[in-house]
Amino acid sequence: MSKLILVRHGQSEWNLANRFTGWWDVDLTEKGETEARQAGELMKAKGVLPTTAFTSVQKRAIKTLNIALEACDRLWIPATRDWHLNERHYGGLTGLNKQETREKHGDEQVHIWRRSFDVPPPELEPDSEFDLSDDPRYAGIDVPRTESLKLTIERVLPYWEEAILPQLGKGETVIISAHGNSLRALVKHLSGISDDEITGLEIPTGQPIIYEFDGTQVSGERYYLKDS
Ligand SMILES: O=C(O)[C@H](O)COP(=O)(O)O
């Protein structure tokens, strides 16, 4: 039996400011750092100690990983950062305030952009201040201009299969520190959630979720580490 630990980054500056974030690289707030530390302390208290780690190339997830690993004395384990685990790209909504966007476009439209399976937000304009195509961390990568959950799944799952699942097959305890929607993509796959039902799934910040594995097969349903 091996374990997979999923953790969404702690509160970010734009979670606090209620702005659409996506691929924009915002930092953790002090509360976010505390959430990350508490996640690590919980792993230590429960004796669920990661032996290998994966995260995105966004600082809110990287810092959450490092703070949590430090809190459970596992800062030394191998860690891989990869853009495939990034948050879904919020396109032309990036940087906008979520409440103001609701007032402008209506609750229903904003809910569709945020939670529908396959309707992407409008594309990011080429001259947008939030364009990341020239960011060195994405050299050689076709940076998306927007992503639905469906498109996010299409880049998260191949990476999961190629890079992460083999580690579980080897018996490693794997931690993935990532984002609300890249983790929804994984949970949809691992728990067999339908395209309709995934619209109702929310992933809280800083709260470790566990899946147990028998080889490369999921064994049982996910649970919150705090409830075990
Ligand atoms: O990218 C963002 O704005 C958040 O991390 C997730 O946003 P959501 O709750 O609107 O999917």
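Residues numbered from 1 in each chain as written. Predicted model: local features only at pLDDT ≥ 70, side-chain atom pairs only at ≥ 80, totals over all residues. Heavy atoms only, no water.

The following threshold applies: UniProt positions are given in the numbering used here, feature names are shortened, and annotations may be inferred rather than shown by experiment.
An unreviewed UniProt entry lists the chain under the name 2,3-bisphosphoglycerate-dependent phosphoglycerate mutase, with Qipengyuania nanhaisediminis given as the organism. What UniProt records for the chain under Function (unreviewed entry) is the sentence "Catalyzes the interconversion of 2-phosphoglycerate and 3-phosphoglycerate." Quoted verbatim from the Sequence similarities (unreviewed entry) field of UniProt, the annotation for the chain is "Belongs to the phosphoglycerate mutase family. BPG-dependent PGAM subfamily."

Structural notes on the overall build of the chain
Let me state the cut-off plainly: To qualify as a helix, a DSSP run of H or I must reach at least 4 residues; to qualify as a strand, a run of E must reach at least 2; elements of each kind are numbered from the N terminus. Based on C-alpha atoms, the radius of gyration is set beside the globule rule, defined as 2.2 Å times the residue count to the power 0.38. Residue exposure (1.4 Å probe, protein chains only): buried if accessible area is under 20% of the type maximum, exposed if over 50%, otherwise partly exposed. The contact rule is simple, with two residues in contact once any of their heavy atoms fall within 4.5 Å. Areas reported as accessible are Shrake-Rupley estimates using a 1.4 Å probe. Residue values count occlusion only from the protein chains shown. Note that His is not counted, nor are the chain ends; the positive residues are Lys and Arg, and the negative ones are Asp and Glu. Note on charges: their place is set at NZ of Lys, CZ of Arg, CG of Asp or CD of Glu.
Within the chain, the regular secondary structure consists of 7 helices and 6 strands. Ordered by position in the sequence, the α and β elements of the chain form the string β-α-α-β-α-β-α-α-α-β-α-β-β. The C-alpha radius of gyration of the chain comes to 17 Å, within 12% of the 17 Å expected for a compact globule of 228 residues. With respect to the three principal axes, the spread of C-alpha positions in the chain is 50 × 35 × 35 Å. Out of the 228 residues in the chain, the part that is buried amounts to 53%. Considering only contacts in the chain between residues 6 or more positions apart, those separated by 24 or more positions represent 75%. Surface exposure of the chain reaches about 10500 Å², of which carbon and sulfur atoms provide 46%. Each charge class in the chain can be summarised by its mean position, and for the 27 positive and 37 negative side chains these summaries are 4 Å apart.

A look at the site of the ligand
Note the cut-off: Summary of the distance rule: residues count as near a molecule or strand when at least one heavy atom falls within 4 Å of that molecule or strand. In the analysis that follows, any N or O atom pair within 3.5 Å is treated as a polar contact, provided that within protein one partner can donate a hydrogen and the other can accept it, and provided that, for residues neighboring in sequence, both atoms belong to side chains. The distinction between a cavity and a pocket rests on a 1 Å grid over the protein atoms alone: a 1.4 Å probe fits inside a cavity but cannot get out, while a pocket stays open yet meets protein on both sides within 12 Å along at least five of seven lines, and a residue with an atom within 4 Å of a point counts as lining. Each molecule is checked against the cavity or pocket grid, and it sits inside if more than half of its atoms lie within 2 Å of the grid points. Under the convention adopted here, Pro, Cys and the residues Ala, Val, Leu, Ile, Met, Phe, Trp and Tyr are nonpolar, Asp, Glu, Lys and Arg are charged, and Gly plus all remaining residues are polar.
The local shell around the ligand consists of Arg8, Arg19, Phe20, Thr21, Gly22, Glu87, Tyr90, Lys98, Arg114, Arg115 and Asn181. Tyr90 is positioned with one of its side-chain polar atoms (N or O) 2.5 Å from an oxygen atom of the ligand. Relative to its free-state accessible area of 320 Å², the ligand is covered by the protein chains to the extent of 96%. If you map the ligand onto the pockets, it falls in the largest pocket. Looking at the shell around the ligand residue by residue, the classes come out as 2 nonpolar, 3 polar and 6 charged.

Description of the nonpolar core
Heads up, the condition is: Buried Ala, Val, Leu, Ile, Met, Phe, Trp, Tyr and Cys residues that are joined via side-chain atoms within 4.5 Å together make up what is termed a nonpolar core.
Core analysis: the largest hydrophobic core is formed by 29 residues, its most contacted members being Leu4, Leu6, Trp160, Ile164, Ile176 and Phe213. Broken down by secondary-structure element, the contributors of at least two residues to this core are strand E1 (2-8), helix H6 (149-169), strand E4 (174-178), helix H7 (180-190) and strand E5 (209-214). The leading source of residues in this core is H6, at 9 residues. Formed by 15 residues, the second largest nonpolar core is a distinct cluster that contains Val7, Met43, Ala68 and Ile210.

Describing the side chain of Ser116
Turning to its location among the elements, Ser116 is positioned in the loop between helix H5 (107-115) and H6. We classify Ser116 as buried; its relative accessible area is 15%. In terms of polar contacts, Ser116 uses its side chain to reach the backbone carbonyl oxygen of Ile112, at 2.7 Å. Those residues in contact with Ser116 that lie beyond four places of it in its chain are His111, Leu149 and Thr199.

Focus: the packing of helix H2 (residues 30-46) against helix H3 (residues 59-71)
Put simply, the rule reads: To obtain each axis, a line is fitted to C-alpha atoms, and for helices this fit is confined to the stretch in contact; angles are then taken between N-to-C directions over 0 to 180 degrees. In what follows, roughly perpendicular refers to angles from 65 to 115 degrees, roughly parallel to angles under 35, roughly antiparallel to angles over 145, and oblique to any angle outside these ranges. Handedness of each helix crossing follows the sense of rotation of the near helix against the far helix: counterclockwise by less than a right angle gives left-handed, clockwise gives right-handed.
As a packed pair, H2 and H3 sit with axes 7 Å apart at the nearest point and diverge in direction by 40°. Our classification of the angle between H2 and H3 gives oblique. Judged by the twist between their axes, the crossing of H2 over H3 is right-handed. Contacts between H2 and H3 pair Glu33, Ala36, Arg37, Gly40, Glu41, Met43 and Lys44 from the former with Thr64, Ile67, Ala68 and Ala71 from the latter.

Regarding unusual backbone geometry
In this structure, Asn18 is a non-glycine residue whose phi angle is positive, near 60°. Along the chain, the position of Asn18 falls in the loop between helix H1 (13-16) and H2. Classification of Asn18 by relative accessible area gives partly exposed; the value is 30%. Of note in this structure, Asp73 is not a glycine but carries a positive phi near 60°. Within the fold, Asp73 resides in the loop between H3 and strand E3 (79-81). A relative accessible area of 57% means that Asp73 is categorised as exposed.

Some remarks on the pairing of E1
The condition that has to hold: Two strands pair under a simple rule: DSSP has to find at least two bridges between them.
Where burial is concerned, most of E1 is hidden: 6 out of the 7 residues are buried. By the bridge criterion, 5 bridges tie E1 to E5 in an arrangement that is antiparallel. Following the sheet pairing, Ile5 is matched in E5 by Ile210. Strand direction decides the pairing type here: E1 and E4, joined by 5 bridges, are parallel. Each bridged residue has a counterpart across the sheet, and for Val7 the counterpart in E4 is Ser177.

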